[in-house]
Amino acid sequence: MGGSLAGLLAAHVLAGHAERVTVVERDRFADGGKARPGVPQGRHPHVLLEGGQVALESLLPGFLAELRAAGAPRVGMPSDMVLWQNGRWFRRVPATTHIYTGSRAQLEELVRRRVLANPAISVVEGADVVGLLGDGSRVRGVLLRERSGEARTEARALEADLVVDASGSGTKAPQWLAAIGADAPHEETIDTGLAYASRVYRGKSGVLDGDTLGYYVYPCPDQVHAGGALPLEDGSHLVIVSGLRGDEPPTDDDEFVTYTKRLPHPLLHRWLEDAEPLSPAFGYRRTANVRRRYDLPGRRPAGFLATGDALCTFNPIYGQGMAVAAMSAVALRDALADPRRTPTTRRVQRALLAASRQAWDISAGADRAMPGAVGTAVAGGPADRVAGWYLDRVQERSPGDPVVGRAFRSVLTLAAPVTALFAPPVARAVLFGPPAPSPTEPPASPEGPGA
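Now for a quick tour of the structure. (Residues numbered from 1 in each chain as written. Predicted model: local features only at pLDDT ≥ 70, side-chain atom pairs only at ≥ 80, totals over all residues. Heavy atoms only, no water.)

Some thoughts on the sheet that holds strand E12 (residues 186–190)
Piece 1. Read from one edge of the open sheet, 3 strands run E12-E19-E21, paired in antiparallel fashion. Every other strand in the sheet has two partners, leaving E12 and strand E21 (312–313) as the edge strands with one partner each.
Piece 2. Sheet analysis places strand E19 (residues 289–293) next to E21, joined by 2 bridges and oriented antiparallel. Of the residues in E21, the one forming a bridge with Val-290 is Thr-313.
Piece 3. Where helix H9 (residues 345–368) meets the sheet, its contacts fall on E12, E19 and E21, and the angle it forms with E19 comes to roughly 140°. (Pairing = 2+ DSSP bridges. Helix = DSSP H or I, 4+ residues; strand = E, 2+ residues; numbered from the N terminus. Contact = heavy atoms within 4.5 Å. Axes fitted to C-alpha atoms, helices over the stretch in contact; angles between N-to-C directions.)

Now the structure itself:
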């Protein structure tokens, strides 16, 4: 259920174990890498973190070369970016990781082309899943209703040995499971009320050209407004600004630019005053972290799995969604191929949840500290508070200390486990050393090798 990144990659994996895989997608796929109505975040910035790159290349060998050939910008962190967090500018030391910042639509189209070339995979486009077949012990398929203009068509059954929910954050699977006698999952939520707006610009000045590919201000409890500009495949920049509940960014042309004055430095505002807008501004407000705990005890039917945002949704400001979709597909592949264990529904679902755990800990941990956060998982526990204290010290040192910064980036980009932050050289700097000096103004150019 769902033909975006998580659904396509799950289908790719399952095609190695099934005679036939059917992807059901509510939209009709558009050519040319255009955003689809069913991807409400499609017009907003997306980044492919290093953990996601490794996973995609493992699933679709040669994919990163295709992505580069299509023009997707590869941005070195921190050398290619002007970055601000917690009151400090980052030194632009040589890159220790890279992200891709091209449009979500372009990346998804490249994945779709590769996955759907497999004759074992077919697509039903323009159809809504409206329910599940089966009972509380086993899911046996789905009910579909074709989208046909204004006419309301009859629902039809599509039987299946396995149903995978990749329908995104707006999934209705918990209600459908309850309707067939199964238990809906417990939901953990953390919602800061963050809202953002995005607009495409083409710059006329050199502030975001040459050695500087992008700019980003991260939110924190003392600076709740965030924003930045990330390069797209056509040479333009996608600009985003964000604020919390009650101070949402506007989508009006002039007010969008004015809103950037809330950032801690006028760099972005100055650039926008001289840049050419290429699109309207689009807003988005559904940014809560939501984790559906299908792994917990309850009446869980066989033959049903959840993945992607249908399993775990993150505040999009941290850019984790595409990487976790790919990492979840790798977890699905490895769980099905494990010769030591029978891939039961419960065991595979736990593997999928584990693939998203680090991203959840990062996003949820950061959002718990934001003013006005609400939800069932806001309180955390003693371990969360100890971890928060240590991570605060990591963040204080990462802008100016290359050793701490490298470890911090490796964890944030899901390329290394959280234990990388406790390696002896990092722990010594975090526990015993003062924060290293960092720039007092946005650094205009990267530092040389050996910095």
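There is more to say, and it comes next.
Notes on the environment of Gln-53
Piece 1. With respect to the helices and strands, Gln-53 occurs in helix H2 (residues 50–59).
Piece 2. Judged by relative accessible area, which is 8%, Gln-53 ranks as buried.
Piece 3. With 62 residues separating them along the chain, Gln-53 and Val-115 place their C-alpha atoms 16 Å apart.
Piece 4. With residues near it in sequence (within four places) discarded, Gln-53 still touches Leu-48, Leu-64, His-98, Ile-99 and Tyr-100. (Buried < 20%, exposed > 50% of the residue type's maximum accessible area, 1.4 Å probe, protein only.)

What about the pattern of salt bridges?
Oppositely charged side chains can pair when the atoms bearing their charge come close.
Piece 1. Under the counting rule described, the total for this entry stands at 20 salt bridges.
Piece 2. The salt bridge partner of Arg-291 is Glu-188, with a shortest N-O separation of 2.7 Å. Here Arg-291 is found in strand E19, whereas its partner Glu-188 is found in strand E12, with 103 residues between them in sequence.
Piece 3. Between Arg-368 and Asp-384 there is a salt bridge, and its shortest N-O distance comes to 4.0 Å. Separated by 16 residues along the polypeptide, Arg-368 in helix H9 and Asp-384 in helix H10 (residues 382–397) bring together distant segments of the chain.
Piece 4. The exposure class assigned to Asp-384 is partly exposed, which follows from its relative accessible area of 37%.
Piece 5. Salt bridges sharing partners connect three or more residues here, namely Arg-26, Asp-27, Asp-128 and Arg-147. (Salt bridge = Lys/Arg side-chain N within 4 Å of Asp/Glu carboxyl O.)

These figures capture arrangement, not role.
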